[in-house]
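Take a look at the letters that make up each chain.
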Amino acid sequence: MSLIVPSVDHVGSRSWHFWVNQIAASRYVSQATRKRIYGRLGLQISPAARAIGAGCFFHSSEISIGARTFINDFCYFENVAPIAIGDDVAIGMQTAIVTSTHELGNRSARSGRWGVLPVSIGDGCWIGARAMILPGVTIGEGTVVAAGAVVTSNCEPNHLYGGVPAQAVRKLDE
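**Student:** Hey, could you run me through the overall build of the protein in this one?
**Tutor:** Per the secondary structure count, the protein includes two helices and 19 strands. In terms of principal-axis extent, the alpha carbons of the protein reach across some 45 × 45 × 20 Å. Out of the 174 residues in the protein, the part that is buried amounts to 47%. When the accessible surface of the protein is summed, it comes to about 9000 Å², and 55% of that surface belongs to carbon and sulfur atoms.

Structure representation (structure tokens):
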């Protein structure tokens, strides 16, 4: 997958960030109100999504969250490029999903040209607490990513991945 260099401002307004990352993310806001605020501000969240925890951060509205999906507290979505999360997904607390990266530069400046790559998480996945999903990754349906794993490349469906970087530990029963 080649690096995409966005041509539009992805940061959004201060008002958008205030409503999404302060008001809607508050512990004092109900799930219904949280989802309503997110929906009105452009996040694509299934009405049947189970819950989005308090303290979650969204960089932009470039995200879709499927039915019966549960996102625990304090997850970080650096969604400069689109993040697609399928149905029946469970994401553990403090998970980070990152879509921006840099090409490797020359020795005078190793952080080269900036760009973004989308992330996709298939239906039925379970992402453990404090996992990190890096740009351009696709996680296949029914896959489990262990707590604390750093996913740097695509994950096959119905497998357990763990470690830094994440490696396939075993195939799971379908």
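**Student:** Is there a simple way to explain the sheet that holds strand E5 (residues 70–71) in this structure?
**Tutor:** Paired through their backbone hydrogen bonds, the strands of a sheet run either parallel or antiparallel. Read across the sheet, seven strands follow the order E2-E5-E8-E13-E16-E18-E19 without closing on themselves; strand pairing throughout is mixed. Only two strands of the sheet have a single partner each, and these edge strands are strand E2 (51–52) and strand E19 (167–171). Note: strand E16 (residues 144–145) against strand E18 (residues 159–162), two bridges, orientation parallel. Pairing of Val145 across the sheet is with Tyr161, part of E18.

**Student:** I would appreciate a short explanation of helix H2 (residues 31–40) in the present structure.
**Tutor:** In an α-helix, one turn spans 3.6 residues, which is why side chains three or four residues apart end up on the same side. Listed in full, the buried residues belonging to H2 are Arg34, Lys35, Ile37 and Tyr38. Buried residues of H2, seen end-on, are gathered within an arc of 160 degrees and therefore sit on one face of the element. Residues of H2 that are buried in the fold lie against helix H1 (14–23), strand E1 (44–45), E2 and strand E3 (57–58). Where H2 terminates, the next one or two residues include Gly42, which has phi positive at roughly 100 degrees.

**Student:** Any chance you could explain the sheet that holds E1 here in plain terms?
**Tutor:** Read across the sheet, five strands follow the order E1-E4-E7-E12-E15 without closing on themselves; strand pairing throughout is parallel. Lying at the two open borders of the sheet, with one neighbouring strand each, are E1 and strand E15 (138–139). In this structure, strand E7 (residues 83–85) lies alongside strand E12 (residues 119–121), joined through three bridges in parallel fashion. Bridge pairing in E12 places Ile85 opposite Ile121.

**Student:** Please clarify how the pairing of E18 should be interpreted in this entry.
**Tutor:** Strand residues, when the strand is regular, have side chains that alternate between the two faces of the sheet. Here E18 shows a buried face lined by His159 and Tyr161 and a second buried face lined by Leu160 and Gly162. The sheet contact formed by E18 and E19 spans four bridges and is antiparallel. Residue pairing across strands places His159 opposite Lys171, the latter belonging to E19. Hairpin connection from E18 to E19: four residues lie between these consecutive antiparallel strands, with Gly163 at a positive phi of about 105 degrees.

**Student:** Whenever I open this one, the packing of aromatic side chains confuses me. Can you help?
**Tutor:** In the structure shown here, the tally under the stated rule is four aromatic pairs. Where Phe58 meets Phe77, the ring centres are 4.9 Å apart and the plane angle is 5 degrees; that geometry is what we call stacked. Pair noted here: Phe58 is in strand E3 and Phe77 is in strand E6 (residues 76–78), with a separation of 19 residues, a long-range link. Given the relative accessible area of 0%, Phe58 is considered buried. Classification of Phe77 as buried rests on a relative accessible area of 0%. An aromatic cluster is present here, built from Tyr38, Phe58 and Phe77 joined pairwise through their rings.

Rules behind the numbers
Residues numbered from 1 in each chain as written. Predicted model: local features only at pLDDT ≥ 70, side-chain atom pairs only at ≥ 80, totals over all residues. Heavy atoms only, no water. Helix = DSSP H or I, 4+ residues; strand = E, 2+ residues; numbered from the N terminus. Buried < 20%, exposed > 50% of the residue type's maximum accessible area, 1.4 Å probe, protein only. Areas by Shrake-Rupley, 256 points an atom, 1.4 Å probe, with all protein chains shown as cover. Pairing = 2+ DSSP bridges. Arc of directions from axis to C-beta. Contact = heavy atoms within 4.5 Å. Phe/Tyr/Trp six-rings, centres within 6.5 Å; stacked < 30°, edge-to-face > 60°.

The analysis is restricted to geometry; functional conclusions fall outside its scope.
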